[in-house]
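Chain residues, written in single-letter form:
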Amino acid sequence: MGERQTERLHLRRPSPDDRALYHAHFTHPAIERWLRPSPLPPFSAGALDELVEGDCAHWSDHGFGPWVLIHRESGAFAGRGGLHWTVVEETAMVELAWSIEPHLQGNGYATEMARAAVAWAGELQIEELVALVLPANTSSRRVAEKVGCEPSGEVDHAGMPHLLFRLSVVSGSALQTGQPAS
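What you see is a predicted model, and the numbers here were worked out from it, not measured in a lab.

Calculation notes
The residue numbering used here restarts from 1 in each chain and proceeds along that chain's sequence as written. Residue-level local features of this predicted model are given only where pLDDT is at least 70; pairs of side-chain atoms are given and counted only at 80 or more, and the full residue set underlies all totals for whole chains, interfaces and linings. Only hydrogens and water are set aside when side-chain values are computed; all heavy atoms of the structure are taken into account. A helix here means a DSSP run of H or I that spans at least four residues, while a strand means a run of E at least two residues long, and both kinds are numbered starting from the N terminus. Residue exposure (1.4 Å probe, protein chains only): buried if accessible area is under 20% of the type maximum, exposed if over 50%, otherwise partly exposed. Here a helix's expected span is defined as the number of its residues, less one, multiplied by 1.5 Å. The arc in question is the one spanned by the directions pointing from the helix axis to the C-beta atoms. The contact definition used throughout considers only heavy atoms, calling two residues in contact when any of these lie within 4.5 Å. Polar contacts, as counted here, are pairs of nitrogen or oxygen atoms within 3.5 Å of one another; within protein the pair requires one atom able to donate a hydrogen and one able to accept it, and residues that are adjacent in sequence qualify only if both atoms are side-chain atoms. A pair is scored as a salt bridge if a Lys or Arg side-chain nitrogen falls within 4 Å of a carboxyl oxygen belonging to Asp or Glu.

Caption draft 1: Examining unusual backbone geometry more closely. Of the consecutive residues Ser-38 and Pro-39, the connecting peptide bond is found in the cis state with omega at 15°. Structurally, the position occupied by Pro-39 is in the loop between helix H2 (29-35) and helix H3 (45-62). At Glu-89, a residue that is not glycine, the phi angle is positive and equals roughly 50°. Within the secondary structure layout, Glu-89 lies in the loop between strand S4 (77-88) and strand S5 (91-100). Positive phi outside glycine occurs at Gln-125, with the angle close to 60°. For Gln-125, the location among the structural elements is in the loop between helix H4 (109-123) and strand S6 (128-133). We classify Gln-125 as exposed; its relative accessible area is 70%.

Caption draft 2: Broad picture of H4. The end-to-end C-alpha separation of H4 is 21 Å, in line with the 21 Å expected for 15 residues at 1.5 Å each. Counting buried positions over the 15 residues of H4 gives 12, a clear majority of the element. For H4, the set of buried residues is Tyr-109, Ala-110, Thr-111, Glu-112, Met-113, Ala-114, Ala-116, Ala-117, Val-118, Ala-119, Trp-120 and Ala-121. Of the residues one or two after H4, Gln-125 is the one with positive phi, at around 60°.

Caption draft 3: Local environment of helix H1 (residues 19-26). Looking only at H1, the buried set comprises Tyr-22, His-25 and Phe-26. Down the axis of H1, the sector holding all buried residues measures 80°, keeping them to one side. Structural note: H1 exposes Ala-20 and Ala-24 on the side pointing more than 90 degrees away from its buried face. Contacts from the buried residues of H1 go to H2, H3, strand S3 (66-71), S4 and S5.

Caption draft 4: Region of the structure containing the environment of Arg-12. Mapped onto the elements, Arg-12 comes out in strand S2 (residues 9-12). Note: C-alpha distance between Arg-12 and Ser-44 (32 residues apart in sequence) is 24 Å. Leaving out residues up to four positions away in the same chain, Arg-12 has contacts with Glu-3, Asp-18, Leu-21, Trp-67, Val-68 and Ile-70. Within polar-contact distance, the side chain of Arg-12 engages the side chain of Asp-18 at 2.7 Å.

Caption draft 5: How the structure looks around the pattern of salt bridges. For the structure on display, the rule yields 7 salt bridges. A salt bridge links Arg-8 to Glu-112; the nearest nitrogen and oxygen atoms lie 2.7 Å apart. Of the two residues, Arg-8 is situated in the loop between strand S1 (4-5) and S2 and Glu-112 in helix H4; the sequence distance between them amounts to 104 residues. Residue Glu-112 is classed as buried on the basis of its relative accessible area, which comes to 12%. For Arg-166, the salt bridge goes to Glu-128, with nearest N and O atoms at 3.1 Å. Placement of Arg-166 in strand S8 (residues 160-168) and of Glu-128 in strand S6 is noted, with a sequence separation of 38 residues between them.

Okay, here's the thing in structure tokens:
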């Protein structure tokens, strides 16, 4: 339930067995650069275990959550991304988030996953998505813009300034390219 296939990715629910994948991914310097920049400390093993557990619990609690991205051709881990609840300026919102393996970045995988997530949000009748991007992360800004997100100012998130992008899912429903897993 909730799994999707895109042209190049299999998008599936995480499981506790994904701990090693999360640890390798989120401790890579190219990932930490954007998700744990100074002055934030690097991800600890405990924090990453909690992230896996939290992603699994999000699925159990809400019927959706971040996916583990698997490259369909090779079967290799390609990243993590999808939908999850977050708090922005004391308001609960559904975030569209992505993190792609460094060797796959710049090839459209984040956009491909994000389009599938937007389509799925429409199926779930989620009215609005937000994306949070560090101002210097031009690649992630482009992903947000490619899927139809509009800039909506700057917010403090995780103790740092982030650009806030918003997407009305009704208007974003034309981006439906993700297909249910067969």
